[in-house]
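Per-entry structural report
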Number of protein chains: 2
Amino acid sequence: MRFLLVCAATETARIEGISAAGATRTLMAHTPAADAELLAYGQPALAPVVPVSPDGCPTPAIVTRAVREWTDFPLLVCDAGLAAPTGAPTVSLGNRPGGDIRDPEPVSNAHVVYECGVELGRSLPDDHLVVGESIPGGTTTALGVLTALGEPHSTSSSLPENPQSLKERVVEAGLRASDLEPGDCAGDPIRAVERMGDPMLAAVAGLAVGALDRGARVTLAGGTQQIAAAALVRHAGIDAPLELATTSFVAADSSADVVGAASALDLDCTVTDPGFPAGDHVAFDHYRAGVAKEGAGMGGALALAAERGVSMAAVRDRIVACYDRLVGEDGP
Amino acid sequence: MRFLLVCAATETARIEGISAAGATRTLMAHTPAADAELLAYGQPALAPVVPVSPDGCPTPAIVTRAVREWTDFPLLVCDAGLAAPTGAPTVSLGNRPGGDIRDPEPVSNAHVVYECGVELGRSLPDDHLVVGESIPGGTTTALGVLTALGEPHSTSSSLPENPQSLKERVVEAGLRASDLEPGDCAGDPIRAVERMGDPMLAAVAGLAVGALDRGARVTLAGGTQQIAAAALVRHAGIDAPLELATTSFVAADSSADVVGAASALDLDCTVTDPGFPAGDHVAFDHYRAGVAKEGAGMGGALALAAERGVSMAAVRDRIVACYDRLVGEDGP
């Protein structure tokens with residue numbers, strides 16, 4: 001087993017009200033870079049801060065790191081187009097952040113990123129890849145891709161109130177700019193990403209296709225962004241078994257039916273509830289209130305912990321230790 | 001503890017007769033990239049082959065990998081200027097291979113690579129860094145740097161017969177091209193690398209300076225190339241304790257006094273003998289005959305095994321298993 005974190009950026013995240021993955025829009029550019037450092041080192045290295053949402057919810061990378069401290073899973077960070085440097089070691093699958101999906105071709109290198117992903121997925125020695133992601137603004141680009149593919153699924157949000165109508169307006173503007181109708185990219189996953197997606201989606205789809213091609217087990221770790229990645233795999237004509245591992249927070253989001261979408265795409269879906277108690281710790285309270293919900297492979301990490309017999313209580317203890325070490329006991 | 005492998009290339013390696021780090025000069029460009037993949041995955045990923053010398057001696061990365069399989073040390077590969085892509089995750093400390101030292105300024109970005117190294121060395125959370133290297137042609141550039149600094153030490157070779165006079169001629173041509181006399185760069189380590197070195201040396205020196213600055217323990221893992229890196233640290237005015245860990249094969253090389261040079265630079269020197277028996281395995285026989293000798297942090301890895309109570313017999317068993325898996329039982 002190897003845990004991959006696929007990091008990238010999209011200019012779409014700069015639209016006001018789209019994402020909670022960073023305290024400010026400027027700091028948001030550092031979130032994937034910092035998530036990678038947290039997983040690699042347990043603390044930031046070159047990144048300026050520990051990512052928190054505007055109201056102080058810590059990045060889900062803290063949860064994934066907590067599981068890593070118990071299970072010591074091997075980590076591989078993929079840079080599909082970061083907007084800020086990271087001190088974590090990465091394999092580069094692309095060389096530039098994605099543009100705003102309201103532009104005609106936000107991911108003009110989608111083909112290259114996808115092919116690099118296929119090649120790496122095919123080359124890795126591991127019989128099981130768990131693939132997480134970190135890209136602020138990614139649920140909007142995921143909605144763009146699903147719409148372009150003609151998949152009827154909506155996407156969740158890192159904000160407690162999903163800005164659904166804003167996202168739909170952005171996607172509509174993107175379709176207009178790309179001269180597309182919903183469903184026009186069915187069967188053409190690379191075009192869907194190129195016109196309406198982000199570089200993470202191209203990379204994850206490629207990695208999954210490459211690994212499935214050599215018979216490896218693939219778990220997409222995340223919420224509705226991974227639904228979009230899975231849809232790309234299906235639209236590439238791959239019907240091999242494929243797994244989704246997400247959190248109870250995404251599953252509980254009534255604005256997006258992740259379990260139904262997984263079923264429609266023939267994904268084997270695992271939902272893990274970390275059992276965050278009320279009033280126990282500020283980080284838990286944020287997640288209980290629906291902030292963040294997922295990210296940095298949190299759902300996959302929790303499923304891995306369960307698979308390896310690490311109790312959720314043990315994971316929670318380590319989350320609190322990570323949080324207090326990184327953010328400070330008095331919060332951000 | 002974290003094990004760093006600093007990879008780079010220098011055009012100097014293309015001079016006929018300089019290096020044994022690759023079956024052919026074309027394949028040599030892939031050696032550092034493949035070494036990184038061997039350490040990361042235990043097998044090549046994107047690299048086309050397992051590196052062997054022209055007469056079939058396997059890369060010392062097999063030894064370092066064997067130790068990693070026993071001790072599971074955390075690995076960080078640094079790309080200081082690779083000439084071929086690697087599928088191993090890397091932190092980039094530079095963006096281009098070094099030129100031929102017979103040109104005036106073979107490492108024109110030495111300052112940037114050094115500063116990136118300092119910043120990363122300072123940022124890592126580990127109390128102990130073991131820093132290995134992989135760069136074909138590196139003993140010639142190491143000799144260039146030592147000469148420019150005015151350090152009287154000669155360098156070893158990956159070839160059983162050290163092409164000392166060829167290396168000296170290359171260094172003399174380099175000094176002429178750079179308009180330098182021996183010793184002209186004393187106290188100016190960055191200029192020494194810029195004019196006469198390779199990107200690996202800039203990166204390793206920077207990493208060591210950054211880590212020493214925050215009080216971390218630093219072990220330079222390798223032979224006379226690490227003597228050159230240590231000389232750069234000393235010429236940067238740093239007199240903090242610094243360690244060198246090398247192999248008995250380098251120490252036994254009468255053409256270069258690694259132990260004496262270490263002492264002159266006030267390095268705490270560890271020499272480890274992996275006890276390769278005669279006639280037991282083709283890989284062992286090559287090393288006993290003086291091929292390769294060191295590289296990819298082999299000496300540091302062996303010292304680490306000894307420190308952690310892993311017997312050399314256990315390491316040897318794993319080397320044979322790695323070799324047979326990668327190169328085939330019938331040899332290359």
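All values reported here derive from a predicted model rather than from experimental measurement.

Brief notes about the overall build of chain A
A count of helices and strands for chain A gives 14 helices and seven strands. Residues counted as buried form 66% of the 332 residues belonging to chain A. Of the contacts made within chain A by residues no fewer than 6 positions apart, 78% connect residues no fewer than 24 positions apart. Of the roughly 11,100 Å² of accessible surface on chain A, a fraction of 47% belongs to carbon and sulfur atoms. Positive and negative charge centroids in chain A, built from 22 and 42 side chains respectively, lie 2 Å apart.

Topic: the relation of the copies chain B and chain A
Between chain B and chain A, the superposition needs a rotation of 180° and an axial shift of 0.0 Å, giving an RMSD of 0.0 Å. As the rotation angle and translation indicate, the two copies are arranged about a two-fold axis. When the interface residues of chain B are mapped onto chain A, 100% of them again lie at the interface, so the same face is used by both copies.

Some details on helix H2 (residues 31–41) of chain B
For H2 of chain B, a buried count of eleven out of eleven residues is recorded, marking the element as mostly surrounded by other parts of the structure. The first or second residue beyond H2 of chain B is Gly42 of chain B, which carries a positive phi of 80°.

Considering the interface of chain B and chain A
Contacts between the two partners involve 19 residues from chain B and, on the opposite side, 20 residues from chain A. The contact between chain B and chain A buries some 1,400 Å² in all, and 62% of this surface belongs to carbon and sulfur atoms. Interface area lost by chain B to chain A is led by Tyr41, Leu46 and Pro89 of chain B, which between them contribute 32%. Summed over the shared surface of chain B and chain A, the number is zero salt bridges. One can count one residue pair in polar contact (both at pLDDT 80 or more) joining chain B with chain A. Of all the elements in the fold, those that place two or more residues in the side of chain B that touches chain A are H2, strand E3 (90–92) and helix H4 (110–123) of chain B. When residues in the side of chain B that touches chain A are grouped by element, the largest group, three residues, is from H4 of chain B. Along the lines of polarity and charge, the residues of the side of chain B that touches chain A split into twelve nonpolar, four polar and three charged.

Structural notes on the environment of Ala186 of chain A
Residues and elements named next belong to chain A. With respect to the secondary-structure elements, Ala186 resides in the loop between helix H6 (164–177) and helix H7 (189–196). As a C-alpha pair, Ala186 and Leu149 span 37 residues in sequence and 4.3 Å in three-dimensional space. Not counting residues up to four positions away in its chain, the partners in contact with Ala186 are Ala148, Leu149 and His235.

Notes on the nonpolar core
Formed by 113 residues in total, the largest nonpolar core has its most connected members in Val6, Leu220 and Ile227 of chain B. When residues in this core are grouped by element, the largest group, eleven residues, is from helix H8 (residues 199–213) of chain B. Discounting chain neighbours no more than four positions away, the residues touching Val6 of chain B are Cys78, Ala80, Val131, Gly132, Glu133, Ser134, Met200, Ala203, Val204 and Leu207 of chain B. Core analysis: the second largest hydrophobic core is formed by 112 residues, Met196 and Leu242 of chain A together with Tyr41 and Tyr287 of chain B among them.

Here we look at the pattern of salt bridges
Evaluation of the coordinates by the stated rule reveals 20 salt bridges over all chains. The residue Arg65 of chain B makes a salt bridge to Glu69 of chain B at a minimum N-O spacing of 2.7 Å. Separated by four residues within a single helix, Arg65 of chain B and Glu69 of chain B lie in helix H3 (residues 61–71), roughly one turn from each other. Owing to a relative accessible area of 22%, Glu69 of chain B belongs among the partly exposed residues under this scheme. Note that Arg122 of chain B is salt-bridged to Asp213 of chain B, the shortest N-O span being 3.0 Å. Taken together, the residues Arg122 of chain B in helix H4 and Asp213 of chain B in helix H8 connect sequence positions 91 residues apart. Overall, Asp213 of chain B belongs to the exposed group, its relative accessible area being 52%. Salt bridges here are not isolated pairs; linked through shared partners, they connect Arg65, Glu69, Arg318 and Arg325 of chain A.

As for the packing of helix H5 (residues 138–149) of chain A against H6 of chain A
Residues and elements named next belong to chain A. In the contact formed by H5 and H6, the axes pass within 9 Å of each other and the chain directions differ by 50°. In this view, H5 runs oblique relative to H6, as classed from their interaxial angle. Relative to H6, the crossing made by H5 is right-handed. Counted together, Thr139, Thr140, Leu143, Gly144 and Thr147 of H5 and Lys167, Glu168, Val170, Val171 and Leu175 of H6 form the full contact between these two elements. Residues belonging to the contact of H5 with H6 are distributed by class as follows: four nonpolar, four polar and two charged.

Points about the pairing of strand E5 (residues 217–221) of chain A
Residue and element names in this part refer to chain A. Most of E5 is tucked away, with four of its five residues classed as buried. Of the strand pairs in this sheet, E5 and strand E6 (residues 242–247) are connected by three bridges, and their pairing is parallel. When the sheet's bridge partners are listed, Thr219 is paired in E6 with Glu243. Viewed along the sheet, the connection from E5 through helix H9 (residues 224–235) into E6 turns out right-handed.

Quick look at the environment of Leu39 of chain A
Residue and element names in this part refer to chain A. Within the secondary structure layout, Leu39 lies in helix H2 (residues 31–41). In the structure, Leu39 is positioned 29 residues away from Arg68 in sequence and 7.5 Å away in space, judged by C-alpha atoms. In contact with Leu39, other than residues within four places in its own chain, are Phe3, Leu5, Ala61, Thr64, Arg65, Arg68, Leu75 and Ala296.

So, the confidence of the model for chain A
Looking at chain A, pLDDT values average 95 and 99% of them are 70 or higher. Here the complex is predicted with pTM 0.94, and the ipTM for its interfaces comes to 0.90.

What counts, and where the lines are drawn
- Residues numbered from 1 in each chain as written.
- Chains lettered and ligands numbered in written order.
- Predicted model: local features only at pLDDT ≥ 70, side-chain atom pairs only at ≥ 80, totals over all residues.
- Heavy atoms only, no water.
- Helix = DSSP H or I, 4+ residues; strand = E, 2+ residues; numbered from the N terminus.
- Buried < 20%, exposed > 50% of the residue type's maximum accessible area, 1.4 Å probe, protein only.
- Contact = heavy atoms within 4.5 Å.
- Areas by Shrake-Rupley, 256 points an atom, 1.4 Å probe, with all protein chains shown as cover.
- Lys, Arg positive; Asp, Glu negative; His and termini not counted.
- Charge placed at Lys NZ, Arg CZ, Asp CG, Glu CD.
- Least-squares fit on C-alpha atoms with pLDDT ≥ 70 in both.
- Buried area = accessible area lost by both parts, 1.4 Å probe.
- Salt bridge = Lys/Arg side-chain N within 4 Å of Asp/Glu carboxyl O.
- Polar contact = N/O pair within 3.5 Å; in protein donor to acceptor, adjacent residues only side chain to side chain.
- Nonpolar A, V, L, I, M, F, W, Y, C, P; charged D, E, K, R; others polar.
- Core = buried A, V, L, I, M, F, W, Y, C linked by side-chain atoms within 4.5 Å.
- Axes fitted to C-alpha atoms, helices over the stretch in contact; angles between N-to-C directions.
- Parallel < 35°, antiparallel > 145°, perpendicular 65-115°, else oblique.
- Left-handed = near helix turned anticlockwise from the far one by under 90°.
- Pairing = 2+ DSSP bridges.
- Right-handed = clockwise from strand over helix to strand, strands pointing away.
- pLDDT = per-residue confidence, 0-100.

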